[in-house]
Amino acid sequence: MENQRSFIFFFLLFSFTITSSAGHAGQELHKQPHKAVKLFVFGDSYADTGNRNKTDSPSWNEPYGITFPGKPSGRFSDGRVLTDYVASSLGVKSPLPYEQRQHATTSQLRYGMNFAYGGSGVFNTIFPVPNISTQINFFQNILLEEMLYSKSDINSSIALVSLAGNDYITFLTQIGGETVGFEELSRSVINQLMKNLKQISDLGLQRIMVIAIEPLGCLPRITAISSYKSCNKTVNTFAKFHNVLLRKSVDNLNRKSGRFEFVILDLYRAFMSAIKRSQRPGILKPCCVGVNNEYLCGSVDENGEKKYLVCSNPELSIFWDEVHPSQNGWHSIYLSL
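This one's a predicted model, so the numbers in the text were calculated from it and none came from an experiment. (Residues numbered from 1 in each chain as written. Predicted model: local features only at pLDDT ≥ 70, side-chain atom pairs only at ≥ 80, totals over all residues. Heavy atoms only, no water.)

**Some points on the pairing of strand S8 (residues 262-266)**
Rules: Relative accessible area decides the class of each residue, using a 1.4 Å probe on protein chains only: under 20% of the type maximum gives buried, over 50% gives exposed, and in between gives partly exposed. Helix numbers and strand numbers start at the N terminus; a helix is a DSSP run of H or I with at least 4 residues, a strand a run of E with at least 2. Note on pairing: two strands pair once DSSP finds at least 2 bridges between them.
The buried fraction of S8 is high, at 5 of 5 residues. Here S8 shows a buried face lined by Phe262, Ile264 and Asp266 and a second buried face lined by Val263 and Leu265. By the bridge criterion, 5 bridges tie strand S7 (residues 208-212) to S8 in an arrangement that is parallel. Bridge pairing links isoleucine 211 to leucine 265 in S8.

**With respect to the state of the cysteines**
In protein chemistry, a disulfide is the covalent bond that joins the sulfur atoms of two cysteines. Condition: Disulfide: a pair of cysteine sulfur atoms within 2.5 Å of each other.
Applying the stated criterion to the full structure yields 3 disulfides. Covalent S-S linkage joins cysteine 287 and cysteine 311, the inter-sulfur distance amounting to 2.1 Å. Across the disulfide from cysteine 287 to cysteine 311, rotation about the S-S bond amounts to roughly -90°, and the bridge is consequently left-handed. Of this pair, cysteine 287 sits in the loop between helix H10 (267-277) and strand S9 (288-290) while cysteine 311 sits in the loop between strand S10 (308-310) and helix H11 (327-336), placing them 24 residues apart in sequence. Across the disulfide from cysteine 288 sits cysteine 297; the S-S distance is 2.1 Å. Measuring handedness by torsion sign, the sulfur bridge of cysteine 288 and cysteine 297 sits at about 95° and is right-handed.

**Thoughts on the environment of histidine 242**
Quick note on the threshold: Contacts: residue pairs with any heavy atoms within 4.5 Å of one another.
Residue position: histidine 242 is located in helix H9 (residues 233-257). Judged by its relative accessible area of 0%, histidine 242 falls in the buried class. Taking the C-alpha atoms as reference, histidine 242 lies 9.9 Å from glycine 165; in sequence the two are 77 residues apart. Leave out the neighbours within four places in its chain, and histidine 242 touches Leu163, Tyr168, Val189, Ile190 and Ile213.

**Quick notes on the packing of helix H4 (residues 132-144) against helix H7 (residues 182-202)**
Rule in force here: Every axis corresponds to a line fitted to the C-alpha atoms, with the helix fit spanning only the stretch in contact, and the corresponding angles, defined between N-to-C directions, vary from 0 to 180 degrees. For this classification, under 35 degrees means roughly parallel, over 145 means roughly antiparallel, 65 to 115 means roughly perpendicular, and everything else is oblique. Throughout, the ten residues Ala, Val, Leu, Ile, Met, Phe, Trp, Tyr, Cys and Pro are labelled nonpolar, Asp, Glu, Lys and Arg are labelled charged, and all others, Gly among them, are labelled polar.
Close contact between H4 and H7 brings their axes to 10 Å; oriented N to C, the two are set at 5°. Viewed along their axes, H4 and H7 adopt a mutual orientation that is roughly parallel. Contact residues: Ile132, Ser133, Ile136, Asn137 and Gln140 in H4; Gln192, Asn196, Gln199 and Ile200 in H7. Residues of the contact of H4 with H7, tallied by class, amount to 3 nonpolar, 6 polar and no charged.

**Notes on the packing of helix H6 (residues 166-174) against H7**
As a reminder, the rule being used: We call a crossing left-handed when the near helix sits turned anticlockwise from the far one by less than a right angle, and right-handed when that turn is clockwise.
Following both chains from N to C, one finds H6 and H7 inclined at 145°, their axes separated by 11 Å at the closest point. Along this stretch, H6 crosses H7, giving a crossing that reads as right-handed. In this structure, H6 uses Asp167, Tyr168 and Phe171 to contact H7, whose residues at the interface are Phe182, Leu185, Ser186 and Val189. Broken down by class, the residue content of the contact of H6 with H7 amounts to 5 nonpolar, 1 polar and 1 charged.

**What to know about the side chain of serine 73**
Applicable threshold: Polar contact criterion, stated in full: a pair of N or O atoms within 3.5 Å, where within protein one must be able to donate a hydrogen and the other to accept it, and residues adjacent in sequence count only if both atoms are side-chain atoms.
One can find serine 73 in the loop between strand S3 (39-42) and helix H2 (82-89). At 3.0 Å, the side chain of serine 73 forms a polar contact with the side chain of arginine 75. If near-sequence neighbours (up to four positions away) are discounted, serine 73 is found in contact with Thr49, Gly50, Ser59 and Trp60.

**Quick look at the sheet that holds strand S6 (residues 158-161)**
A sheet is described by the order of its strands in space; here 6 strands give the open sequence S4-S5-S3-S6-S7-S8, paired in parallel fashion. Here the strands that pair on one side only, and so sit at the sheet edges, are strand S4 (96-97) and S8. In this structure, S3 lies alongside S6, joined through 4 bridges in parallel fashion. Among the inter-strand pairings, valine 41 is bridged to a residue of S6, identified as leucine 160. This element, H2, spans S3, strand S5 (112-114), S6, S7 and S8 of the sheet and lies at about 160° to S3. Lying on the sheet, H7 is in contact with S3, S6, S7 and S8; it crosses S7 at an angle near 160°.

**With respect to the environment of tyrosine 149**
Summarising the element assignment, tyrosine 149 is placed in the loop between H4 and helix H5 (151-155). Spatially, the C-alpha atom of tyrosine 149 lies 8.7 Å from that of leucine 109, the residues being 40 residues apart in sequence. When neighbours within four sequence positions are excluded, tyrosine 149 is seen to be in contact with Lys38, Phe40, Leu109, Gly112, Met113, Ile142, Leu143 and Ile154. From its side chain, tyrosine 149 meets the backbone oxygen of leucine 109 in a polar contact 2.8 Å long. Among the polar contacts listed, one links the side chain of tyrosine 149 to the backbone oxygen of glycine 112, at a separation of 3.0 Å.

**Looking at the packing of aromatic side chains**
By convention here, two paired aromatic rings are described through the distance between centres and the angle between planes. Put simply, the rule is: Classification of ring pairs uses Phe, Tyr and Trp, with its six-membered ring standing for Trp, and accepts pairs whose centres are within 6.5 Å; under 30 degrees between planes counts as stacked, over 60 as edge-to-face, and the remaining range as tilted.
Evaluation of the coordinates by the stated rule reveals 16 aromatic pairs. Seen from their ring centres, phenylalanine 40 and phenylalanine 139 are 5.1 Å apart, and the 45° between their planes marks the pair as tilted. Here the residue phenylalanine 40 occupies a position in strand S3, and phenylalanine 139 occupies one in helix H4, the gap between them amounting to 99 residues. Look at phenylalanine 40 and you get buried, because its relative accessible area is 0%. Their ring planes at 90° and their centres at 5.0 Å tell us that phenylalanine 40 and tyrosine 149 sit as a pair that is edge-to-face. Here the residue phenylalanine 40 occupies a position in strand S3, and tyrosine 149 occupies one in the loop between H4 and H5, the gap between them amounting to 109 residues. As far as burial versus exposure is concerned, phenylalanine 40 and tyrosine 149 are alike and both buried.

Here it is in structure tokens:
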């Protein structure tokens, strides 16, 4: 409840109001008239809107993007992702992906920029993408060298930092799934994340949102073990441990800064709320899956033949693939926030 109050207070600082018809998945939320805020995004696939290379990411393959924008756009979903909903709540369009800046118009730059890459973490992961420190360096470069934004732009803008678990996936992959050393890793992850948040703040962004990690034990990759019938409580315990450390560390940053600068978006609670609200059987199942264990959502064989299946009602699903929410899932999670 404390995190929910903090989230509401954070947005009240900007006098944002929600329209009465916010239940529609694409419905924008509106703010009181004043200079448009910009959103700068760092993190992973929960926030990436098109930075991953098209040659090595399933997010650019069909059927990703079938709900929005109607074709693959680099989002790890059938449609909108967390960034799109946060931008909407600020009354702006989703910020331009960093990799597309060279061809951007002035109007496209006015909403900020997205530096998130699917597969990223605070440390280097098993995925060949820039970690969050490198993403912040990209941000610093566009400020100091490309000078795309003024100091005034930055001081009045907001940052979103998404860290959904790729550091932990890398850890578990490297040690064969054993969880020994998980707590020590969590402390290292949180310590590095705090350095990243401080670095973003030092560049001038004074309002920074960071996500509390989702219930990892509810992701289809984990619930497959139970035939998608239940979340794994043990794995969720690890996520809770991460989030306890995160809250303590963010509180400490706020005390040191002397102002309400950092706020947590509690994705753990929002995910659980979205799952519990759905009365549909099999809600933990992914909508898009490979035809067998050799393939994933978006896979094709050497002849270009589709090797995936899509559920009949993506608009009713919570999860799109093994680890990512569908647009409906993100919408439900957003409403829970």
